[in-house]
Amino acid sequence: MIPTDGYSEVRETMVRHQIESRGIQDQRVLAAMRKVPRHEFVPVSKQREAYEDRPLEIGSGQTISQPYIVAKMTELLALTPDSRVLEVGTGSGYQAAVLAELASEVVSVERFEELAGVAQARLEALEYGNVTVVVGDGTLGCRERAPYDGILVTAAAPQLPEALRSQLAIGGRLVCPVGSRDLQQLKIVVRKGEAEFDEHESIRCMFVPLMGREGWSG
Ligand code: SAM
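These lines cover the structure that appears in this document, whether it is placed above or below. (Residues numbered from 1 in each chain as written. Predicted model: local features only at pLDDT ≥ 70, side-chain atom pairs only at ≥ 80, totals over all residues. Heavy atoms only, no water.)

The element strand β8 (residues 184-193) is largely enclosed, with a buried count of seven among its 10 residues. Two elements, strand β7 (residues 168-179) and β8, share seven bridges in a ladder whose sense is antiparallel. Bridge pairing in β8 links Gly-179 to Gln-184. What sits between the antiparallel neighbours β7 and β8 is a turn of four residues. Sheet topology note: the β8/strand β9 (residues 196-205) ladder contains eight bridges and is antiparallel. Within β9, the position partnered with Gly-193 by the bridge is Glu-196. Here β8 folds back onto β9, and the loop between the two strands holds two residues. (Buried < 20%, exposed > 50% of the residue type's maximum accessible area, 1.4 Å probe, protein only. Helix = DSSP H or I, 4+ residues; strand = E, 2+ residues; numbered from the N terminus. Pairing = 2+ DSSP bridges.)

Moving on, we come to the packing of helix α2 (residues 27-35) against helix α4 (residues 94-102). Between α2 and α4, whose axes approach to 9 Å, the crossing angle comes to 130°. The pairing of α2 with α4 is recorded here as oblique in orientation. Seen along the crossing, α2 lies across α4 with a hand that is right-handed. Residues Arg-28, Val-29, Ala-32, Met-33 and Lys-35 of α2 pack against Tyr-94, Val-98, Glu-101 and Leu-102 of α4. When its residues are assigned to classes, the contact of α2 with α4 shows six nonpolar, no polar and three charged. (Axes fitted to C-alpha atoms, helices over the stretch in contact; angles between N-to-C directions. Parallel < 35°, antiparallel > 145°, perpendicular 65-115°, else oblique. Left-handed = near helix turned anticlockwise from the far one by under 90°. Contact = heavy atoms within 4.5 Å. Nonpolar A, V, L, I, M, F, W, Y, C, P; charged D, E, K, R; others polar.)

Right, let's get into the packing of aromatic side chains. Summed over all chains, the structure comprises two aromatic pairs. Judged by centre distance (5.8 Å) and plane angle (65°), the rings of Phe-41 and Tyr-94 are edge-to-face. Taken together, the residues span a long stretch of sequence, with Phe-41 in the loop between α2 and β1 (56-59) and Tyr-94 in helix α4 at a distance of 53 residues. Just above the ring of Tyr-68 sits the side chain of Arg-22; from NZ or CZ to the centre is 5.1 Å. A cation sits over an aromatic face here: Arg-165 above Phe-197, 5.2 Å from the ring centre. (Phe/Tyr/Trp six-rings, centres within 6.5 Å; stacked < 30°, edge-to-face > 60°. Lys NZ or Arg CZ within 6 Å of the ring centre and 35° of its normal.)

Next comes the structure, spelled out in structure tokens:
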């Protein structure tokens, strides 16, 4: 059910004008974007800007991504209700909530303990019981819960982290922005067999850097 709150109309406008109009067609993704209350995932002082066509600062020098890129990356994962998903870069928890609408289980890794704690509390308050937030270096994935049907990296990697590739289930898809610190392109990897991977590229994008052992070092 789509919640009615003070932002229902502006959320519907966001979906029509920023997401459908740019070619997102997956009805499950559109329904999730219509449902998740994005204003609950930003600082109170920024709630009125939550549905604008841009990222917003959330503290610790990090951002909640632009609504369109959240929808685009989610569509590229091609999730089913049975999917198990790993997200790298919890940030506000918004993308994790969108994934939780579409999959059976979401594990989300965040390197900043404070962001992780706030996101987990928000997700619990909104009754997303199928999301677990883990503090750590997400470039290493979360081996204890692997394999995953979908892996989504929401920060900019210098190259595809090998640990993430190895934690994909056969048939699973990894979506990751790869490139320089200033500009990246979405890479999609599909695991076809034990050692067989298909790779292709999608749109250009700009994310904050993915730090860590298989990310940027400083
Ligand atoms: N998905 C988030 C949301 O919905 O709000 C937005 C993610 S923000 C663009 C990128 C996040 O990746 C930041 O919170 C940053 O701290 C996190 N990050 C960067 N490198 C990381 C790493 N190695 N492991 C886990 N999180 C990382």
